[in-house]
Structures are given as C-alpha cells and as structure tokens.
Amino acid sequence: MLAWTCPAPLRDQPRVVMGHGGGGTLSAELVEHIFAPAFGGPALSVTTDAATVELGGARLAFSTDSFVVRPLFFPGGSIGDLAVNGTVNDLAMSGARAAYLSCGFILEEGVETDVVTRVANALGAAARAAGVQVATGDTKVVEAGHGDGVYINTSGIGLIPPGVDLRPQRVVPGDVVIVSGPVGVHGVAIMSVREGLEFGVEIESDCAPLGGLVESMLAVTPDLHVLRDPTRGGLAASLNEIAAASGTGIVIQERAVPVPAPVANACAVLGLDPMYVANEGKLVAFVPREQADAVLAAMRAHPLGAGAAVIGEAVEAHPGMVVARTGLGGTRVVDMPLGEQLPRIC
Amino acid sequence: MKYIDEFQDPELARRLLDEIRATVTRPWALMEVCGGQTHTIIRHGIDQLLPPEVELIHGPGCPVCVTPLEVIDKALEIASRPGVIFCSFGDMLRVPGTGRDLFQVRGQGGDVRVVYSPLDALRIAEQNPDREVVFFGIGFETTAPPNAMTVYQARKLGIRNFSLLVSHVRVPPAIEAIMNSPDCRVQGFLAAGHVCSVMGTEEYPELAERHRVPIVVTGFEPLDILEGVRRTVLQLERGEHTVENAYPRAVLPEGNPAARAMLDDVFEVTDRAWRGIGVIPDSGWRLSERYREYDAEQRFSVEGIDTREPAECRSGEVLQGLLKPHECEAFGTTCTPRSPLGATMVSSEGACAAYYLYRRLDLGTPSPKSPSVKSTALEGSSVV
C-alpha cells in the first residue's frame, strides 16, 4: 500500500480553494497528489484530454468533464452547449469523432423547469450538431443552496482512426505550433455577463465542436503529433503542459497569436493576459514541419479553423519551458498559471 | 487592438531606442515608480533592449506590495467573522498574511467576494442589510477616488452596514523618502501616469527642484515607457531637472478636479506604514472625521493581532530600489508565486513576480517542478 503514497502533500493547502479548479498548477497538483495515486492503473491517462483504451480490438477515446458554469446562458452558448462540446472536443484531441455521450444532471431544488428545458434543448441541439448521441444519463436533485441551478457531467467515447497517435510525448524540436483561431473569446464572454462588465462590444463565446476540424486535419496527414483544446488556463496552460510532458522547449511569437480587439481591450482593462483566458472552440496543434503548410491550409478551409495561424515552434533549448518573443524583440517566459487569473487593482 | 498596437509598434520602438542610444554617454539609474510600468518593462523585454548605460530601478508603486502585513492580517480577521461579507479586488486574495490568505479564509467558510468596483460592494451591502459588508480600500491616488466616492454614496444613501478597511498611500512622500535615503542611487523618475491623471503634476516641480532630479510623467504601454526613458535621459545628459508630461493623452496639469475634491472631502492625509519600508510621514489617507463611522477598523475590534513578517523576505529593499529581485537569496527557491514570502512575489504588479514570471530563462532560475500530469482527464470541474 505504500507504493502509491503521494510523494508530497498538497502544499500549504489543508482545504480546497477555487484555484484547485482553475486548470493550472494547483489543479494539476490535486490530480498528481490525490487522484492519480488513488486511482492509478494502466488505462489512466493524465497527460491527454481523453484516455485511449482498447476494447474488443478497437481503440477508443474515453473522456469525462463536469460543467458548473455561471451564468447558465451566455452570449454564444449555454451550459448545455458546453457540456456537449467540452467532452466532444476532449475526444477530438485524441483524433476521435465522438460517438456516444452520457449525461448526468445535478439540479438544485427550486430551479425553474423552464430553465432545465432550455438547457436540455440546448444540449440536444449541440449533440446533433456534433454528430453524437446521448446514450445514457442520470438525474439528481440537491437541496436549495447547494448548487448553482444546474450542474452537468458528460462522458463520451469515440473511435480513434488507425494510424492516429496524438500524445505530447510525440512532440519533437522543429514541430510547428498552430492555433485554430483567435484566443480568449470564451473566457471574456463569460466574464462580461457573469460580472456585469460591459466592454462596448458584445463578445460571443467560441463554443463549438471540433471533431470536424480535426477530421479535416487528419485527412491531410494522420501524423499530427499532439492536439489540445486550450480551455481553462488558456493557451499558456496547454503549451506548458505539452512542454512539460514532451520535454521540449516551445517558442511562440507573441504578435502571431491571434487575439480579437474586444478581447485584448477587455483583458487590458482587467489586467489579464489573453494567453491565460479560457477557450471552448479552439485547438492548438503540434505538426511536423514538412506537413505544416498543408495542415494550415486544411484548417483555414474549415469554418472553425478560418483564423488558424502559426504561432511558434518546438525547440531543443529550455526543455519544459515556454518562451515568448515579444513584439519589441525581447523574450519572456510564459508560465503555467497557478490557479485562476485575478483581475488587478488598478 | 489597434489602439493597443499603436503603443506597441516595433518600428516606433526601434526609433526611440536608437534615439536613446544616440543620447546616452554615461550610466544613468532611473526609477519607474509604478508596478504596472515594471511589468510592462519586464513583460516586453524593454530592459533587455535599452543600452547598458540605462539602468531601470523598480520603485515602490505596487499597491498590493506596499500594504502592510498588519492591515492584511486585519482584513483576514474581519473576513473570518460570521455575518461579514468581505469584498476586495482580485489581486489581494492571494497575498499572504501571517499564515494564510483571503482565499484560504474563503476555503474555511469566510464570505470573501471579488468585486470589480467598490460600488459593487456597496450594492452588496444594500442587498444584504442584515450583514456587515467591508471593502478593502488599498492603493495609490488611482484607486482612492472611487473608494472615497463609495463612502460618500454610502452616507448619502444612508447605508449603515458598509465600511472601508483603508490603507491608501500617496506617491510624492514615497519619492521624497527614496531621495532622502543615504543609499539612494536614483537619478531620474518615470512618474506613474495613472496617479498623475488624478492628482496632476503640481506636486512634482518642488520635488524635482529640491532633489535636482528629472521627473517625467509616463504611461504604461511599451512606447510610453521608452518615451519616458528618452526624455529623462535627455534631461540628465543636459544637466536639467524639470517635470515633463510624456503622457498627455491621460494627464492634465491640474489632474482630475472632481476626483481631487472627492478625496479632500472623504479622506485626510495621515502618516502611513509601507510594507517592507516603514512609516513615511504624510504618505497616506484615512477617512476624515465626518466619515469615520465608515472606518472598518473602528467598527470591528481588530486589536492584538500577532503579525509576523518573514525574516528572510527582502521585499522592502526591492521596493526601495536597493535590490533587484533576483539578487535576493530566497528568489526562486524558498520564495515563488506558489509559496511567496512577500507581496512583491505574489502581486500582479510586484517586481519579484515580474522577474519570476517572465525572466527566469535569463536569470537561470530553475523552473518549479512541472506537474507531470495533465489535469483535464481527471479534472473535477469546468468553471468556464
């Protein structure tokens, strides 16, 4: 029983804080020090968005995600859309097109049935749009005051095509880093409605299913090295995770990262970095250099990849670290976020 | 984005850098007063691009960093009390007090809320008449006016369950203290543009004259910083020491009269302790007599707090420009954003945080042990 004992306690944190759900270092420590040692087994994947499991000779991608978003409805989507697209996209990052979803609803006593209906309808429509079937589900109700109206958990499975092997460990120096479009949109859209902030322009979430985009990329070459959807923790967290898992360095050109003007302005006001803001319909790809032009062209030909851009490359220098070349010609480290980003005082 | 891009244009930056290189003939030490400027400098690598003769020294202008530990401990104590809703700007939540921070108070059941405006806190007070709502009023001349306005509004609306935990500070006395220090190496100042947008430039000519030091009011975008450096170096090379406004798009000589009137009404000047530096005469504000009932320190008894500053933290020297963050022995070893010894490492405007976050590669500071796991496959929640 001592074999799996956690190598170090959760540092200085006798209780869970919000940052443990923020997708950064604290989240990873929770997994590393508590969950992985407790659950550890050969199928457990902790370096990819979805686990790859074999069943009856087939290679399946298998993933689960829970959604506790406030508010339930926001510009460009709802918790129902997120619950589908979040899991569908985790599967897509393994190269799999999602086939079946499970759907668990945790409802708070007192929430209007109209709200539940709207969420369920949104979830159903998102599933149809993503080409996935909700095959099973569950409902629980918790006492008033013990939830934010509606929480949803979804799990999904899909088949991984032969010859596709997407893992950060496959990244090698020279790989080209491509992002599928403008970053930071979803997080700013949520902040604008959650906190009642107005930025002059309505910013809509980029929430979308990425299975089709991934298929069009794999049609160019099955030899993509890794895909990641930069959700919580944003692009910076995804790049840091890939750098850490692959042992390569990553260099990005700061001015090449597409950031829409309203997102840049909102972030400037709040003192946030768009690189750390969540996305829900974007992916970052590490592609062999010789395939990069063709993959980029295929991405730009797809509606969800129209804004795709090369933002950098994997390098031998500074292994495990992400470095940005600034617009002025300097360099800086792009760190793993600790927890959630905090708006600054002035 | 166009607006931001205009002030980050690489070509214009190159021209300004060329001018600075052509101007400078000997070493000069300039202090950027504001932590926001420090972050722009380090984040964009401006210090790497300047000629070696121009040294930028980081000043005390980080509102989070200079808030005394004792005040943070008072905040933690008040926020822990049942019946209290404690409201703060986000970046105060991770600042360590003696033994814990506001996030941990929230994890222990305290009702700690992040707001984007002090008026949001007042709204929370209106909506929760049976609770005491406290807003953490810290910062420089930039944040003081809206906090003053909130107390003014509370009184006007007759809202009694609202109070302010005040630790406001003023920049000119800090500049005075830095210049009076026997160890001072500063030869020119990039003054904080946001502060001057409120207070104007009237406070500076006498300082510049007395200490024979150029003061250039400077903004926060990369080109603003380079222009501030260019003008300061030009003055130094010419032997001049005047006040210049290199941020005219935001700063008028008279500042913002309405904001200043609000400050004069609600606050009065007082001596104030700065974390890591000590008490600087006349360097802060407290609520004036007619608003004293809104003072959280008076409303809640928070005496007898056992405040213990980590002995190995040298942030006071960093804040005075006497030490570069990476020259501290604890930097990147026992002191990181994950387990900071002082506020300069945790604040989003702190100089130590800037060096740690952006400059580790050049400094050879080891990366913290990267988590060997990716959280998503086992993640518990997806907040956004």
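For clarity, every value in this text was computed on a predicted model and none was experimentally measured.

Side note on a nonpolar patch on the surface
- A cluster of nonpolar residues, Phe62, Tyr100 and Ile157 of chain A, forms a patch on the protein surface that exposes about 270 Å² of accessible area.
- Within the fold, Phe62 of chain A resides in strand S2 (residues 58–67).

Remarks on the nonpolar core
- Counting 91 residues, the largest nonpolar core has Phe86, Phe162, Phe189 and Phe267 of chain B as its most contacted members.
- Excluding residues that lie within four positions of it along the chain, Phe267 of chain B makes contacts with Ala144, Ala148, Leu164, Val166, His168, Trp285, Arg286, Leu287 and Ser288 of chain B.
- Ala50, Leu82, Val115 and Leu296 of chain A belong to the second largest nonpolar core, which has 51 residues in total.

Description of the sheet that holds strand S1 (residues 51–55) of chain A
Residues and elements named next belong to chain A.
- Ordered in space as S1-S2-S7-S5-S6, the five strands form an open sheet in which the pairing is mixed. One side of each edge strand has no neighbouring strand; the edge strands of this open sheet are S1 and strand S6 (133–142). With direction set aside, neighbouring strand axes in the sheet form an average angle of 20°.
- As paired strands, strand S5 (residues 97–108) and strand S7 (residues 150–159) are joined by 10 bridges and run antiparallel to one another. Among the inter-strand pairings, Cys103 is bridged to a residue of S7, identified as Thr154.
- Lying on the sheet, helix H2 (residues 79–92) is in contact with S2, S5 and S7; it crosses S2 at an angle near 145°.

Brief notes about the confidence of the model for chain B
- Confidence in the prediction for chain B averages 90 pLDDT; 94% of positions are at 70 or higher.
- A low-confidence stretch, residues 368–384 of chain B stays under pLDDT 50, and its non-local contacts, those more than four residues away or across chains, total 66 contacts.

A closer look at the packing of aromatic side chains
Residues and elements named next belong to chain B.
- Evaluated as defined, the whole model comprises seven aromatic pairs over all chains.
- Where Phe220 meets Tyr247, the ring centres are 6.2 Å apart and the plane angle is 70°; that geometry is what we call edge-to-face. Remark: Tyr247 occurs in the loop between strand S9 (243–245) and helix H14 (257–266) and Phe220 occurs in the loop between strand S8 (215–218) and helix H13 (222–238); sequence separation between them is 27 residues.
- Taking the relative accessible area as the measure of exposure, Phe220 reaches 13% and is therefore buried.
- Here Arg170 stacks its cationic end above the ring of Trp285, 5.9 Å away from the centre of that ring.

Side note on helix H1 (residues 25–39) of chain A
Residues and elements named next belong to chain A.
- Spanning 15 residues, H1 covers 20 Å between terminal C-alpha atoms, matching the ideal 21 Å at 1.5 Å per step.
- At Glu32, H1 shows its strongest bend, of approximately 35°.
- Extensive coverage of H1 is indicated by the burial of 11 of its 15 residues.
- The complete set of buried residues in H1 reads Thr25, Leu26, Ser27, Ala28, Glu29, Leu30, Val31, Glu32, His33, Ala36 and Pro37.

A few points about the side chain of His225 of chain A
Residue and element names in this part refer to chain A.
- In this fold, His225 is placed in the loop between helix H5 (211–220) and strand S9 (226–228).
- Since its relative accessible area comes to 7%, His225 is described here as buried.
- In contact with His225, not counting residues within four places along its chain, are Asp165, Leu166, Arg167, Arg170, Val171, Val172, Asp175, Phe286 and Pro288.

Examining the sheet that holds strand S7 (residues 188–192) of chain B
Residue and element names in this part refer to chain B.
- Across the sheet, which stays open at both edges, the five strands sit in the order S2-S1-S7-S8-S9 with parallel pairing between neighbours. Two strands in the sheet have a free side with no partner beyond their single neighbour: strand S2 (54–61) and S9. Neighbour-to-neighbour, the strand axes of the sheet open up by a mean angle of 25°, direction not taken into account.
- Relative to S2, strand S1 (residues 28–34) is paired through six bridges, and the arrangement is parallel.

Parameters at a glance
- Numbers given to residues run from 1 along each chain, matching the order in which its sequence is written.
- Note on labels: chains are lettered from A, ligands numbered from 1, in written order.
- Selection of residues for local features in this predicted model requires a pLDDT of at least 70, selection of side-chain atom pairs for listing and counting requires 80 or more, and totals for whole chains, interfaces and linings are taken over all residues.
- Side-chain descriptors were evaluated using all non-hydrogen atoms of the structure, hydrogens and water having been removed beforehand.
- Patch membership requires more than 30% relative accessible area and the absence of a salt bridge. Residues of like charge join within 9 Å; the nonpolar side chains Val, Leu, Ile, Met, Phe, Trp and Tyr join within 5 Å.
- Only the protein chains shown count as cover for residues, with accessible areas throughout obtained via the Shrake-Rupley method and a probe of 1.4 Å.
- Salt bridges, as used here, are contacts in which a Lys or Arg side-chain nitrogen is within 4 Å of a carboxyl oxygen on Asp or Glu.
- Helix and strand definitions here come from DSSP, where helices need a minimum of 4 consecutive H or I residues and strands a minimum of 2 consecutive E residues; each element is numbered from the N-terminal end.
- Here, nonpolar core refers to any group of buried Ala, Val, Leu, Ile, Met, Phe, Trp, Tyr and Cys residues whose side-chain atoms link them within 4.5 Å.
- Only protein chains enter the accessibility calculation, which uses a 1.4 Å probe; a residue whose area is less than 20% of its type maximum is buried, one above 50% is exposed, and one in between is partly exposed.
- Note on definitions: a residue-residue contact is assigned when non-hydrogen atoms from the two residues lie within 4.5 Å.
- Paired strands are those between which DSSP finds at least two bridges.
- Only C-alpha atoms enter the line fits that serve as axes; for helices the fit covers just the stretch in contact. Angles between N-to-C directions range over 0 to 180 degrees.
- On a range of 0 to 100, pLDDT expresses the predictor's confidence in each residue.
- Planes of paired rings set the category: under 30 degrees apart is stacked, over 60 is edge-to-face and the rest tilted, where pairs are Phe, Tyr or Trp rings (Trp by its six-membered ring) whose centres lie within 6.5 Å.
- The criterion is that NZ of a Lys, or CZ of an Arg, lies within 6 Å of the ring centre and within 35 degrees of the ring normal, and then a charge sits over that ring.
- Working rule for helices: expected span equals 1.5 Å times residues minus one.
- In this analysis the local bend is the angle between axes fitted, respectively, to the seven residues ending at and the seven residues starting at the residue.

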